Each structure stands twice: as structure tokens, then as C-alpha cells.
Amino acid sequence: AQKITQTQPGMFVQEKEAVTLDCTYDTSDQSYGLFWYKQPSSGEMIFLIYQGSYDEQNATEGRYSLNFQKARKSTNLVISASQLGDSAMYFCAMRDQNSGNTPLVFGKGTRLSVIA
Amino acid sequence: EAQVTQNPRYLITVTGKKLTVTCSQNMNHEYMSWYRQDPGLGLRQIYYSMNVEVTDKGDVPEGYKVSRKEKRNFPLILESPSPNQTSLYFCASRKLNDISGNTIYFGEGSWLTVV
């Protein structure tokens, strides 16, 4: 069974600093995808970044990048130059991709607070 | 515009009064699912559907029903809501065999309170 672990319930970061949100996963499948979502206080789920298990390069999207370490089964999200608008809940998720009916499995989330 | 639409967005209801949360997508996706989000637990899958008339239980299906009579719609039914179903609910959709994996669409969420 797939499992996602986010060990940081809450994090604080100073504005303009970088922050790393941790995520480890467990799966027996070889083909899977890893996702990060942002959830502001308004509640919607905003897709941030995706990493496929066979991608050799770490994914980057603007200020977001992943530190993907396959052997350690970790996919940490790095947010550079934090902004006040980055304050939100962040969820790590994964989906095994060997069949079409596998669900997206989420971690419990990390609440990030950016301080001015 | 590609989107998943949920209604209602906000609802306060009483214990035992049947309610339906609708979900509609305009992308011709085969796969649709419902999640609930609770503090400290993340999102957990309630039910999913791989196509019309094909539904199956997720991790937390107790107290819920779903139907998939049309490809675009996947309503979540609470026959007799209880306070422990107070939660934030999300509908999501994607193509069934989306190997690339990163095109999952979420609705905006439905905040449900059962008193």
C-alpha cells in the first residue's frame, strides 16, 4: 500500500528566505508520480509541481523545486524567496501509475507561515 | 475552460436530513473521485468511479453513496448525515489512463457542517 509521510505539522519562514517542506513516501511500485499541492485558507487545492518516478531531473516550476531522492524515497519541496502569499497548507501526494484505478494518496500536510 | 464544479460550496445541515453534493466536469474524463479532508488527516478518498456505472469504495466510504449515470456527473449522497461527516469535500477527475500523471483536476471544495 502507498503511504505518504509529512513530519512537519507546521513551519515558519522569514519572508524572502527559502524553505524546505519534507515528504517521504512508501510504495512497492516502480512507476509512480509525486505531487505537491498548496491549499490557502480559502480551501481550494492548487497544483504546484509534479515528479515522475522515472524523471532523472528534479522538477522545477518557478520558485518551486523538488529535491527528489528516489533511493531514500523522499521528495522535498523547496520554495525559494518566500512571499507572504505562500502562507498556506501544503500537501504531498503520490499515485502509483501501473493501473488506471489507483488513487491519489495524500500526506497529512504542513502548514507554512511566512513572517514579514 | 477545463473545470470541475461542485455544489453547494457551503452547507450547514441537520443530522439525518439527506443531502447531495453535486460534481460535474467538462473534460470528458473517465475517472472521478471524492475525497474528504479533516484536520490532521489530510485528504482521504471516499469513492471513485472509472466510468459510467462503474463505482467503487475508497478508504472511507461508510455513510456515503455515489452514482455515475452520466460521464460528466458524479454526485456524493449522504443519506443520513451525522456530525462526524462535517468536513471539507473535494471532487476530482482525470483521464483514466493518464500515464503522465500530472493532470488531475480538483473542484473548489464543499464545506459541509452537520449539526
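Above this text sits the structure in question.
Attention in this report is confined to the structure presented alongside it.

What counts and what doesn't
- Residues numbered from 1 in each chain as written.
- Chains lettered and ligands numbered in written order.
- Predicted model: local features only at pLDDT ≥ 70, side-chain atom pairs only at ≥ 80, totals over all residues.
- Heavy atoms only, no water.
- Helix = DSSP H or I, 4+ residues; strand = E, 2+ residues; numbered from the N terminus.
- Rg over C-alpha atoms; globule rule 2.2 N^0.38 Å.
- Buried < 20%, exposed > 50% of the residue type's maximum accessible area, 1.4 Å probe, protein only.
- Contact = heavy atoms within 4.5 Å.
- Areas by Shrake-Rupley, 256 points an atom, 1.4 Å probe, with all protein chains shown as cover.
- Lys, Arg positive; Asp, Glu negative; His and termini not counted.
- Charge placed at Lys NZ, Arg CZ, Asp CG, Glu CD.
- Buried area = accessible area lost by both parts, 1.4 Å probe.
- Salt bridge = Lys/Arg side-chain N within 4 Å of Asp/Glu carboxyl O.
- Polar contact = N/O pair within 3.5 Å; in protein donor to acceptor, adjacent residues only side chain to side chain.
- Core = buried A, V, L, I, M, F, W, Y, C linked by side-chain atoms within 4.5 Å.
- Pairing = 2+ DSSP bridges.
- Patch = residues over 30% accessible without salt bridge, like charges linked within 9 Å, V, L, I, M, F, W, Y side chains within 5 Å.
- Disulfide = S-S within 2.5 Å.

### Considerations on the overall build of chain B
And step 1. Scanning chain B from N- to C-terminus turns up zero helices and 11 strands.
And step 2. For chain B, the sequential pattern of α-helices and β-strands runs β-β-β-β-β-β-β-β-β-β-β.
And step 3. Relative to the compact-globule value of 13 Å for 115 residues, chain B shows a C-alpha radius of gyration of 13 Å, a close match.
And step 4. Seen through its principal axes, chain B has C-alpha atoms that stretch 40 × 30 × 25 Å.
And step 5. Sorting the 115 residues of chain B into buried and exposed places 50% on the buried side.
And step 6. For chain B, restricting intrachain contacts to residue pairs at least 6 apart in sequence, the fraction spanning at least 24 positions comes to 54%.
And step 7. When the accessible area of chain B is evaluated, it comes to approximately 5,500 Å², of which 52% is carbon and sulfur surface.
And step 8. Each charge class in chain B can be summarised by its mean position, and for the 13 positive and 11 negative side chains these summaries are 4 Å apart.

### Topic: the interface of chain B and chain A
And step 1. With 25 residues of chain B in contact, the opposing surface of chain A contributes 21 residues.
And step 2. Here chain B and chain A share an interface that buries about 1,800 Å² over both sides, 55% of which is from carbon and sulfur atoms.
And step 3. Viewed at the interface, chain A and chain B are joined by zero salt bridges.
And step 4. Remark: the boundary between chain B and chain A carries three residue pairs in polar contact (both at pLDDT 80 or more).
And step 5. Going through the elements one at a time, β4 (31-38), β5 (42-51) and β9 (87-94) of chain B are the ones with two or more residues in the side of chain B that touches chain A.
And step 6. Here the side of chain B that touches chain A takes five residues from β5(B), the largest share from any one element.

### Notes on the side chain of B:R68
All names here are of chain B.
And step 1. For R68, the position within the fold is in the loop between β7 (65-66) and β8 (76-78).
And step 2. One buried charged side chain, R68, makes no salt bridge at all; its nearest oppositely charged neighbour is E30, positioned 7.3 Å away.
And step 3. Here the side chain of R68 touches K71 through a polar contact of 2.7 Å, landing on its backbone oxygen.
And step 4. Setting aside chain neighbours within four positions, we find R68 in contact with Q25, H29, E30, M32, S49, M50, N51, V52, E53, T55, N73 and F74.

### Describing the nonpolar core
In summary, soluble globular proteins display a tendency toward joint burial of nonpolar side chains.
And step 1. Ranked by size, the top nonpolar core spans 24 residues in total, and within it A:W36, A:I49, A:L77, A:Y90 and A:L112 carry the most contacts.
And step 2. Contributing elements (two or more residues each) for this core: β2 (10-14), β3 (19-21), β5 (32-39), β6 (46-52), β8 (64-69), β9 (74-79), β10 (88-96) and β12 (110-115) of chain A.
And step 3. Sort the elements by how many residues they give to this core and β10(A) lands first, with four residues.
And step 4. If you look at the next biggest cluster of nonpolar residues, it comprises 19 residues, including B:M27, B:W34, B:Y64 and B:F74.

### Describing the pairing of β9(A)
Residue and element names in this part refer to chain A.
And step 1. Most of β9 sits out of view: five of its six residues are buried.
And step 2. Where β3 lies against β9, three bridges are found, and the strand directions are antiparallel. Pairing of L21 across the sheet is with L77, part of β9.
And step 3. Relative to β9, β8 runs antiparallel, the two sharing six bridges. Considered in β9, the bridge of Q69 is made with S74.
And step 4. Counting the residues between successive antiparallel strands, the hairpin from β8 to β9 contains four residues, one of them, K73, with a positive phi of roughly 55°.

### So, a nonpolar patch on the surface
Residues and elements named next belong to chain B.
And step 1. Judged by side-chain polarity, I12, V14 and V115 come together as a nonpolar surface patch covering roughly 300 Å² of accessible area.
And step 2. Tracing the backbone shows V115 in the segment after β11 (110-114).
And step 3. On the basis of relative accessible area, V115 is assigned to the exposed category, the value being 56%.

### Some points on the state of the cysteines
Residue and element names in this part refer to chain B.
And step 1. Applying the stated rule across the entire model yields two disulfides over all chains.
And step 2. The side chain of C23 participates in a disulfide bridge whose partner is C91; the two sulfur atoms lie 1.9 Å from each other. Disulfide C23-C91: torsion about the S-S bond near -75°, hence left-handed. Residue C23 is found in strand β3 (residues 19-25), and its partner C91 is found in strand β9; the two are separated by 68 residues along the sequence. The same class applies to C23 and to C91, which are both buried.

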